[in-house]
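Survey of secondary and tertiary structure
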Amino acid sequence: MTLKGKTAVVTGSSSGIGHGIALALAEQGANVMLNGFGDSPETIEQLKAEFTALGVGVDYSPADVGNPTQVEDMIKTAASKFGSVDILINNAGIQFVAPIEAFPVEKWNAVIATNLSSVFYSTRVAAPLMKAKGWGRIINTASAHGLVASVQKAAYVSAKHGVVGLTKVTGLELAGTGVTCNAICPGWVLTPLVQKQIDAIAAREGLSNQEASVKLLEEKQPSKQFVTPEQIGKLVLFLCSDGADQITGSAYSIDGGWVAR
Ligand code: NAD
């Protein structure tokens, strides 16, 4: 397949899963609007250079996805720079772990804004652009936690279930327009977001990094192997292909069997 001439906005593409998805799209020729925070201006320059080397158009937006004005500006900047937004990957996300009675209200609000409201903010701006062209793909990184729950993740599980619901509504509203909307529901992927949870297990139980990783995997993921950002990139490419024209409003598990049990 080729995505030459198409433009993708990938939120949270400075790290982890979003980076893997953006690379998969750029390797097929798509221009990319990168987004997400970096440790320094130099890391963002390195990120842009990595994509420029693939011979595609590249831009970077520092938009906070929880801010509707900044999100609108990011989408409109991509459209004016590259001529369109054809693919929208809503991927940026954060985690916070605590029991409900100790869950700080400001952490709840931050997780809901970054992981759920962000998807609404970008979809409402990008969908009309895609509809006008009669083709588009909106792909939301939900989670296994969009389908089942775990303790101590009230905001994350609520946000990700919300993303799966919003994906269904978007799929229905856009059905027949040439624009599809689907969610991807990964299990454990070894990214900085998950490494923090491994570090917490290691510290709490006096385990090595390796032992804590095995413990994390064993609890939820029957394959006992991490999903990789590259594998998620390949699923995104399938959902962008002609073969996926009639797939919309769906939630795709890629989780080593997590939600099967
Ligand atoms: P990560 O921490 O490696 O990357 C998160 C990205 O989001 C970074 O680029 C970060 O800068 C960006 N980001 C965070 N807050 C932002 C904000 N307010 N505005 C703009 N960008 C922001 O994490 P990851 O594991 O790659 O997670 C990516 C997505 O995948 C998240 O939505 C996460 O919930 C989801 N997910 C991750 C896993 C996993 O096991 N890692 C599993 C299921 C779902």
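Residues numbered from 1 in each chain as written. Predicted model: local features only at pLDDT ≥ 70, side-chain atom pairs only at ≥ 80, totals over all residues. Heavy atoms only, no water.

**So, the packing of helix H1 (residues 16–27) against helix H2 (residues 41–52)**
In a pair of packed helices, the angle between the axes and the distance between the axes together describe the arrangement. Let me state the cut-off plainly: To get an axis, a line is fitted to the C-alpha atoms, and for a helix only the part in contact is used. The angle between two axes follows their N-to-C directions and goes from 0 to 180 degrees. Counting from the N terminus, the helices are DSSP H or I runs at least four residues long and the strands are E runs at least two residues long. Here the word oblique covers every angle except those under 35 degrees (roughly parallel), over 145 (roughly antiparallel) and from 65 to 115 (roughly perpendicular). Any two residues having at least one pair of non-hydrogen atoms within 4.5 Å are treated as being in contact. By the convention adopted, Pro, Cys, Tyr, Trp, Phe, Met, Ile, Leu, Val and Ala count as nonpolar, Lys, Arg, Asp and Glu as charged, and the other residues, Gly among them, as polar.
At a closest axis distance of 10 Å, the pairing of H1 and H2 adopts a crossing angle of 30°. When the interaxial angle is binned, H1 and H2 end up roughly parallel. Residues His19, Ala22, Leu23 and Ala26 of H1 form the contact with H2, whose participating residues are Leu47, Glu50 and Phe51. Considered class by class, the residues forming the contact of H1 with H2 number five nonpolar, one polar and one charged.

**As for the packing of H1 against helix H8 (residues 229–240)**
Just so we agree on the cut-off: Left-handed describes a crossing whose near helix is turned anticlockwise from the far helix by less than a right angle; the clockwise case is right-handed.
Across the interface, H1 lies against H8 with an axial gap of 8 Å and an inter-helix angle of 50°. Relative to H8, the element H1 lies oblique. Classified by chirality, the crossing of H8 by H1 is right-handed. Contact residues: H1 offers Gly16, Ile17, Gly20, Ile21, Ala24 and Leu25, while H8 offers Pro229, Ile232, Gly233, Val236, Leu237 and Cys240. Residue composition of the contact of H1 with H8, by class: nine nonpolar, three polar and no charged.

**Observations regarding the domain arrangement of the protein chain**
Cut-off, in case you're wondering: Where each domain starts and ends follows an automatic or database-derived domain assignment. Note: buried area is the sum, over both parts, of the accessible area (probe 1.4 Å) each one loses when the two are combined. Whenever a carboxyl oxygen of Asp or Glu lies within 4 Å of a side-chain nitrogen of Lys or Arg, that contact is scored as a salt bridge. Within 3.5 Å is the distance limit for a polar contact, defined as a pair of N or O atoms, with the added protein rule that one can donate a hydrogen and the other accept it, and that residues adjacent in sequence qualify only through two side-chain atoms.
Along its sequence, the protein chain is organised into domain 1 (7–187 + 227–255) and domain 2 (190–226). Using C-alpha coordinates to define each centre, domain 1 is positioned 25 Å away from domain 2. Counting residues at the interface gives 14 residues for domain 1 and nine residues for domain 2. Note on domain 1 versus domain 2: buried area summed over both sides is about 730 Å², and carbon and sulfur give 51% of it. Looking only at domain 1, the three residues that lose the most surface to domain 2 are Gln95, Val227 and Asp255, adding up to 42% of its buried area. At the junction of domain 1 with domain 2, the criterion picks out zero salt bridges. Taken together, the connections running from domain 1 to domain 2 amount to two residue pairs in polar contact (both at pLDDT 80 or more). Classifying every residue of the side of domain 1 that touches domain 2 by side-chain character gives four nonpolar, eight polar and two charged.

**Considering the packing of aromatic side chains**
Let me state the cut-off plainly: Under the pairing criterion, centres of Phe, Tyr and Trp rings, with the six-membered ring standing for Trp, must be within 6.5 Å; the plane angle then separates stacked pairs below 30 degrees from edge-to-face pairs above 60, leaving the rest tilted. When accessible area is computed with a 1.4 Å probe and restricted to protein chains, residues below 20% of their type maximum are described as buried, those above 50% as exposed, and intermediate ones as partly exposed. We count a charge as sitting over a ring when the NZ of a lysine or the CZ of an arginine lies within 6 Å of the ring centre and within 35 degrees of the ring normal.
Following the criterion strictly, the structure yields three aromatic pairs and no others. The interplanar angle of 80° and the centroid separation of 5.4 Å between the aromatic rings of Phe96 and Phe103 together place this pair among those described as edge-to-face. For Phe96, a relative accessible area of 25% corresponds to the partly exposed category. Phe103 gets classed as buried once you look at its relative accessible area, which sits at 11%. The ring centre of Trp135 lies 4.4 Å from the NZ or CZ of Lys6, which sits over that ring.

**Observations regarding the nonpolar core**
A general tendency of soluble globular proteins is for nonpolar side chains to be buried together. As a reminder of what qualifies: Among the buried residues, those of types Ala, Val, Leu, Ile, Met, Phe, Trp, Tyr and Cys that are joined through side-chain atoms within 4.5 Å form a nonpolar core.
Counting 35 residues, the largest nonpolar core has Leu25 and Phe51 as the members making the most contacts within it. Of all the secondary-structure elements, those providing two or more residues to this core are strand E1 (7–10), H1, strand E2 (31–35), H2, strand E3 (58–61), strand E4 (87–90) and H8. Counting residues per element, this core draws most heavily on H1, which supplies seven residues. Apart from residues lying up to four places away in sequence, Leu25 is in contact with Leu3, Ala8, Val10, Ala30, Ile87, Ile89, Val236, Leu237 and Cys240.

**Focus: the site of the ligand**
What counts here: The nearness test applies per residue and asks whether one of its heavy atoms lies within 4 Å of the molecule or strand. Here, Shrake-Rupley sampling with a 1.4 Å probe gives the accessible areas, and only protein chains in the shown set may cover a residue.
Taken together, 29 residues form the shell around the ligand, and within it Ser14, Ser15, Tyr156, Val189 and Thr191 come nearest. Between the ligand and Ser15 there is a distance of 2.6 Å, counted from an oxygen atom to a side-chain nitrogen or oxygen. In the environment of the ligand, an oxygen atom lies 2.9 Å from a nitrogen or oxygen atom belonging to the side chain of Lys160. Taking 830 Å² as the accessible area of the ligand by itself, protein coverage stands at 93%.

**Here we look at the sheet that holds strand E5 (residues 136–141)**
To keep things clear, this is the line we draw: Pairing between strands is defined by DSSP: at least two bridges between the two strands are required.
Spatially, the seven strands line up as an open sheet ordered E3-E2-E1-E4-E5-E6-E7, and their pairing is parallel. The strands lining the two open edges of the sheet, one partner per strand, are E3 and strand E7 (251–254). Recorded for the sheet is a direction-independent mean angle of 20° between the axes of neighbouring strands. Here E2 runs beside E3; their pairing, made up of four bridges, is parallel. By the bridge assignment, Met33 is partnered in E3 with Asp59.

**With respect to the pattern of salt bridges**
Where charged atoms from two side chains of opposite charge come close, those side chains can pair. What the rule picks out here adds up to seven salt bridges. Put simply, Glu72 and Arg124 hold a salt bridge, and the shortest N to O gap is 3.8 Å. With Glu72 in helix H3 (residues 68–82) and Arg124 in helix H4 (residues 105–133), this residue pair connects regions lying 52 residues apart in the sequence. Overall, the relative accessible area of 26% leaves Glu72 in the partly exposed class.

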